[in-house]
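Now for the letters of each chain:
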Amino acid sequence: TLFPYTTLSDLIVTPIAGTTRDIIESTHNFGGYPVVFADTAGLRKHTKDVVELEGISRAKECLHNADLILLLTDARELLRNISTYKQSAQDYQTDYLQELDLDANKLLGKRIQLIANKIDLLSMTELQKLAQIDNVLKITCKQPTTDIVQPFLRHFEKLLCELYVMLFVENY
């Protein structure tokens, strides 16, 4: 979950898939831009838990209504796919969205930011490889430190500014 970054609170963060089920919203001001964060259930295809399936359904609806989607992925998974299949980060993102069973047509025109999570689990060599990948934010939600959080927040404010300009131009 990315929520501890956005709320500055101590939420329970576990490696167990399926623990976030409800949509948790929080409103903030980032660089003068009003932002509503919605932390949703993780999107997985292979679950039979009816409560988790409802959370996934709600998460997909939330995505379709979002102006900006922060798409978290495991940093090791990203590196493995880019290395094994010689993919770009954009190709990985496209494949990842399909793997999550998201309707690409409903996401057309959406701004999606790929975020490599769990960088605390990477070796120095893996961190160096990850640093060479453009347009991917790098974070750890387990033990966020200033040297990780500050660059993330600066980049996030830049995304908000770009999005605001884009939405302003579309509406006028």
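Residues numbered from 1 in each chain as written. Predicted model: local features only at pLDDT ≥ 70, side-chain atom pairs only at ≥ 80, totals over all residues. Heavy atoms only, no water.

1. Notes on the pattern of salt bridges
Working step 1: In this structure the tally under the stated criterion is 7 salt bridges.
Working step 2: Among the salt bridges present, the one from Arg 58 reaches Glu 54, with a minimum N-O distance of 2.9 Å. On the criterion of helical spacing, the pair formed by Arg 58 and Glu 54 is a turn pair, its members being 4 residues apart in helix H2 (residues 50-65).
Working step 3: With a shortest N-O distance of 2.9 Å, Glu 77 and Arg 80 are connected by a salt bridge. Of this pair, Glu 77 and Arg 80 both sit in helix H3 (residues 75-85), 3 residues apart, which is roughly one turn of the helix.
Working step 4: Owing to a relative accessible area of 46%, Arg 80 belongs among the partly exposed residues under this scheme.
Working step 5: What you see here is one network of salt bridges that share partners, running through Arg 111, Lys 158 and Glu 162. (Salt bridge = Lys/Arg side-chain N within 4 Å of Asp/Glu carboxyl O. Helix = DSSP H or I, 4+ residues; strand = E, 2+ residues; numbered from the N terminus. Buried < 20%, exposed > 50% of the residue type's maximum accessible area, 1.4 Å probe, protein only.)

2. Overview of H2
Working step 1: Helix length check: H2 (16 residues) gives 23 Å between terminal C-alpha atoms against 22 Å at 1.5 Å per residue, within 8%.
Working step 2: On its buried face, H2 is in contact with strand S3 (68-74).
Working step 3: A side-chain oxygen of the first residue of H2 lies 2.8 Å from the backbone nitrogen of Val 51; this N-cap is Asp 49. (Expected span 1.5 Å × (residues − 1). Contact = heavy atoms within 4.5 Å. Polar contact = N/O pair within 3.5 Å; in protein donor to acceptor, adjacent residues only side chain to side chain.)

3. Looking at the layout of surface pockets
Working step 1: Size it by volume and the second largest pocket reaches roughly 220 Å³.
Working step 2: Around the second largest pocket, the lining is made up of 13 residues, and of these Gln 93, Leu 97, Ala 104, Leu 107 and Ile 112 lie nearest the centre.
Working step 3: Contributions of two or more residues to the lining of the second largest pocket are made by helix H4 (89-99) and strand S4 (111-117).
Working step 4: Among the elements that take part in the lining of the second largest pocket, H4 stands out by supplying 5 residues, more than any other.
Working step 5: When grouped by side-chain class, the residues that make up the lining of the second largest pocket number 6 nonpolar, 5 polar and 2 charged. (1 Å grid on protein atoms, 1.4 Å probe; cavity = no way out; pocket = protein on both sides within 12 Å on 5 of 7 lines; lining within 4 Å. Points joined across faces, edges and corners; volume = space filled by probe spheres on them. Nonpolar A, V, L, I, M, F, W, Y, C, P; charged D, E, K, R; others polar.)

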